[in-house]
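# Structural description and commentary
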Amino acid sequence: MRAILLFAFVALLFIGTGFVQSWNVALTIFNMGLISAIMALGVNMQWGYAGLFNVGVMGFVALGGLATVLVASVPNTEALSAGGLRIAAALALGGATILAAILAWTRLRRYRGWVVAAILFAGFFLFRAVLDPGVAAVEAVNPARAGNIGGLGLPVLLAWPVGGLLAAGAAWIIGKTALGLRSDYLAIATLGIAEIIIAVLKNEDWMARGVKNVIGLPRPVPYEVDLQASPAFREVVTEFGMDPVTGSTIAVKLAYAGLFGVVLLVLIWLTQAALASPWGRMMRAIRDNEVAAEAMGKDVTRRHLQIFILGSAVVGMAGAMMTTLDGQLTPGTYQPLRYTFLIWVMVIVGGSGNNWGAVLGGFLVWWLWVQVEPLGALLMQGITAGMADGSWLKAHLQDAAAHMRLLTMGLVLLLVLRFSPRGLLPEK
C-alpha cells in the first residue's frame, strides 16, 4: 500500500504539471524521468545488490551517448578515406602494445618491469606516430560541419543496446583494475576514470567532434513537421480540440514515452527476476558479508565484476536513450552533479536494494530537480513583494532562487536519511 500511495503521489505531480503548466512540459519531464529511472536502476544494481560505490556514472552515460553517434549518424566517407585506415591501424597497434605488455608481465620472471616499461614506452610513441597524421587528415575534412569519421548510418534504436555494450566493455576494463579497491578508494578511482572519458570525448574531435557537438541525430519517432503535414493527423488532433502544432509535439513525446516505458518495464522484469533468483540471494549475501560468502566458496571478485558490468550496461543504455531524445551529443554538458550525484540521490531517496524504490526515486527527484527552480523563483518573488526596490536583501533573495535546486536536493536527502534511512521504499 505504501508503494502504491507513493507512486500515486508522483503520478499526481506529473498530472498537476500538465494541468497547471502544459502537457508538453509534463511529458518532457516524464520522458527524462523514465531515463533517470533506468539510470537509477543501474546504480541500484551495483550498490543495492553488491555494495559497490561507483561514482563514475557520468562516464558510462557519456559512452552511451557516444554509441548513438557512432551507430546512427551518417558516415563521413571522405574523412574515412582520408585518415580512417591510419586511425584503425593506430588503435590496433595500441591494443597490441597493451597485450604485449600483459604477456611480458605474466610470462617473464626477470627484468619484467623494465621489459614492460620498454614495451609501453616504444608502443606509445609508435602509436602516436601512426595516429596523429590520421587524426589530422580526418579533422581537416569540412571541420565547420563535420571533421569526424561519422557513424554507421544504422537505425538509432540499435544504438541503445550498443551503448550498453560499450559501457559494459569499459566497465570490464575498469573492473579489472579498480575492483580490488573498496569503499571510498573505489569511488575515487571510478570518478577519475569518468573524468578521463569525458576529457577524451571533449578533445578527440575525429571521433565525435569534441566540444563542437554532434547535432541532427536521427530519431526513432516521426518529426513534428511531418505529422503537421498529414491530413489524417490534423483531423484527429482537431477532434481533440488541439491545434496541429501542439498535437504534434505531444504525439512525439508520447511516442518517446512509449519506447522508454517498454525498456524500463523489461529491465524491471529482468532485475526483479534476477533479485528473486539464487543469483540475487548470493549477491546480497556477498554484499552483507564478503568473508562469509568467500568461505562458502563464492568467487567474490568475479561476482563484483559481473554486477559492475551489468549495472554499467544499464546506465550506458540510458545514456544512449538520452542522446536519442536530445537529438545531439554535447560532451560539455556531462557534469558530475547531474549525472552522478543526482542519480545517487534518486537511489538513496527511493530505497537502495529495491528496484521499485530506485524507479520511484528517479521520477520524484527528477521532477523536483526541474520544478524547484521556477517554484523557488515564485516563492522569492512573494517573500520580497513588500520590500523596497533596490534593497540589498531583496536582490540577494531573488538571486538566491537560482540555488534552490541544490538546497532542495540537500534538504530532501537529509530528511529521508533522518526519517527513513533505508529510503521511501526500503529493501524487503
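Our subject is the structure that appears above.
Anyway, here's the lowdown on the structure attached to this text. Not measured: the values here are computed from a predicted model. (Residues numbered from 1 in each chain as written. Predicted model: local features only at pLDDT ≥ 70, side-chain atom pairs only at ≥ 80, totals over all residues. Heavy atoms only, no water.)

Looking now at the overall build of the chain. Each helix and strand in the chain was counted, giving 18 helices and 0 strands. The C-alpha radius of gyration of the chain comes to 24 Å, within 12% of the 22 Å expected for a compact globule of 428 residues. Taken along the three principal axes of its C-alpha coordinates, the chain extends 80 × 60 × 55 Å. Relative to its full complement of 428 residues, the chain shows a buried share of 46%. Put simply, 81% of the contacts in the chain that link residues at least 6 apart link residues at least 24 apart. Taken as a whole, the chain presents about 21,300 Å² of accessible surface, with 70% of it coming from carbon and sulfur. (Helix = DSSP H or I, 4+ residues; strand = E, 2+ residues; numbered from the N terminus. Rg over C-alpha atoms; globule rule 2.2 N^0.38 Å. Buried < 20%, exposed > 50% of the residue type's maximum accessible area, 1.4 Å probe, protein only. Contact = heavy atoms within 4.5 Å. Areas by Shrake-Rupley, 256 points an atom, 1.4 Å probe, with all protein chains shown as cover.)

Here we come to the layout of surface pockets. Reported here for the largest pocket is a volume of approximately 1,300 Å³. Around the largest pocket, the lining is made up of 32 residues, and of these L91, I98, F127, I173 and V200 lie nearest the centre. Breaking the lining of the largest pocket down by element, the ones donating at least two residues are helix 3 (57-72), helix 4 (77-107), helix 5 (112-139), helix 6 (159-178), helix 7 (183-203) and helix 8 (205-208). A class-by-class count of the residues in the lining of the largest pocket yields 24 nonpolar, 5 polar and 3 charged. Reported here for the second largest pocket is a volume of approximately 270 Å³. In terms of lining residues, the second largest pocket is bounded by 15 residues, among which S73, V74, R145, N148 and I215 are the most central. Considering only residue class, the lining of the second largest pocket consists of 7 nonpolar, 6 polar and 2 charged. (1 Å grid on protein atoms, 1.4 Å probe; cavity = no way out; pocket = protein on both sides within 12 Å on 5 of 7 lines; lining within 4 Å. Points joined across faces, edges and corners; volume = space filled by probe spheres on them. Nonpolar A, V, L, I, M, F, W, Y, C, P; charged D, E, K, R; others polar.)

Across all of its chains, the model carries 15 aromatic pairs by this definition. Centroid distance F7 to W356: 6.1 Å. Interplanar angle 90 degrees. Geometry classified as edge-to-face. A residue pair is termed long-range when its members are at least 10 positions apart, and F7 in helix 1 (residues 2-20) and W356 in helix 16 (residues 355-383) qualify at 349 residues. Using a relative accessible area of 24% as the deciding quantity, one classes F7 as partly exposed. Classification of W356 by relative accessible area gives partly exposed; the value is 37%. For the pair W47 and F53, a centre-to-centre distance of 5.8 Å together with 55 degrees between the ring planes defines the contact as tilted. Using a relative accessible area of 31% as the deciding quantity, one classes F53 as partly exposed. Taken together through their ring pairs, the aromatic side chains of F14, F30 and F363 make up a single cluster. (Phe/Tyr/Trp six-rings, centres within 6.5 Å; stacked < 30°, edge-to-face > 60°.)

Before going further, it helps to examine helix 1. Compared with the 27 Å implied by 1.5 Å per residue over 19 residues, the 27 Å span of helix 1 between its first and last C-alpha is a close match. V10, L13, F14, T17 and G18 are the residues of helix 1 that are buried. Taken down its axis, helix 1 places every buried residue within 140 degrees of arc, on the same side. Those residues of helix 1 that are exposed and aimed more than 90 degrees away from the buried face are I4, L5, L12, F19 and V20. (Expected span 1.5 Å × (residues − 1). Arc of directions from axis to C-beta.)

The next subject is helix 15 (residues 336-350). Taking 1.5 Å of rise per residue, 15 residues should cover 21 Å, and helix 15 covers 20 Å from first to last C-alpha, within 8% of that figure. Maximum bend of helix 15: about 25 degrees, positioned at L342. For helix 15, the full list of buried residues reads R338, Y339, T340, L342, I343, W344, V345, M346, V347, V349 and G350. As for helix 15, its buried residues are in contact with helix 2 (23-50), helix 3, helix 14 (300-326), helix 16 and helix 18 (404-419). (Bend = angle between axes of the 7 residues up to and from the residue.)

A separate point is the pattern of salt bridges. This structure, assessed with the given rule, holds 7 salt bridges. Between E224 and R219 there is a salt bridge, with the nearest N and O atoms lying 3.2 Å from each other. Since its relative accessible area comes to 23%, R219 is described here as partly exposed. Between R284 and E427 there is a salt bridge, with its nearest N and O atoms 3.9 Å apart. Placement of R284 in helix 12 (residues 278-288) and of E427 in the segment after helix 18 is noted, with a sequence separation of 143 residues between them. E427 carries the same exposure label as R284, and that label is buried. Through salt bridges that share partners, R284, R287, D288 and E427 make up one connected network. (Salt bridge = Lys/Arg side-chain N within 4 Å of Asp/Glu carboxyl O.)

Contact pair helix 6 / helix 14: the axes reach a minimum separation of 7 Å and the direction vectors enclose 140 degrees. In terms of axis orientation, helix 6 runs oblique to helix 14. Remark: the crossing between helix 6 and helix 14 carries right-handed chirality. Residue-level contacts link A159, W160, P161, G163, G164, A167, A168, A171, W172, I174, G175 and K176 of helix 6 to L305, F308, I309, S312, A313, G316, M317, A320, M321 and T324 of helix 14. Residue composition of the contact of helix 6 with helix 14, grouped by class: 15 nonpolar, 6 polar and 1 charged. (Axes fitted to C-alpha atoms, helices over the stretch in contact; angles between N-to-C directions. Parallel < 35°, antiparallel > 145°, perpendicular 65-115°, else oblique. Left-handed = near helix turned anticlockwise from the far one by under 90°.)

Attention shifts here to the environment of V225. Along the chain, V225 turns up in helix 9 (residues 224-228). For the pair V225 and D243, spaced 18 residues apart in sequence, the C-alpha to C-alpha distance is 13 Å.

Now for a nonpolar patch on the surface. Side chains of L12, I15, F19, V20 and W23 sit close together on the surface and give an oily, nonpolar patch of about 580 Å² of accessible area. For the nonpolar patch, the element with the highest residue contribution is helix 1, accounting for 4 residues. Within the fold, W23 resides in helix 2. Residue class for W23 comes out partly exposed when judged on its relative accessible area of 37%. (Patch = residues over 30% accessible without salt bridge, like charges linked within 9 Å, V, L, I, M, F, W, Y side chains within 5 Å.)

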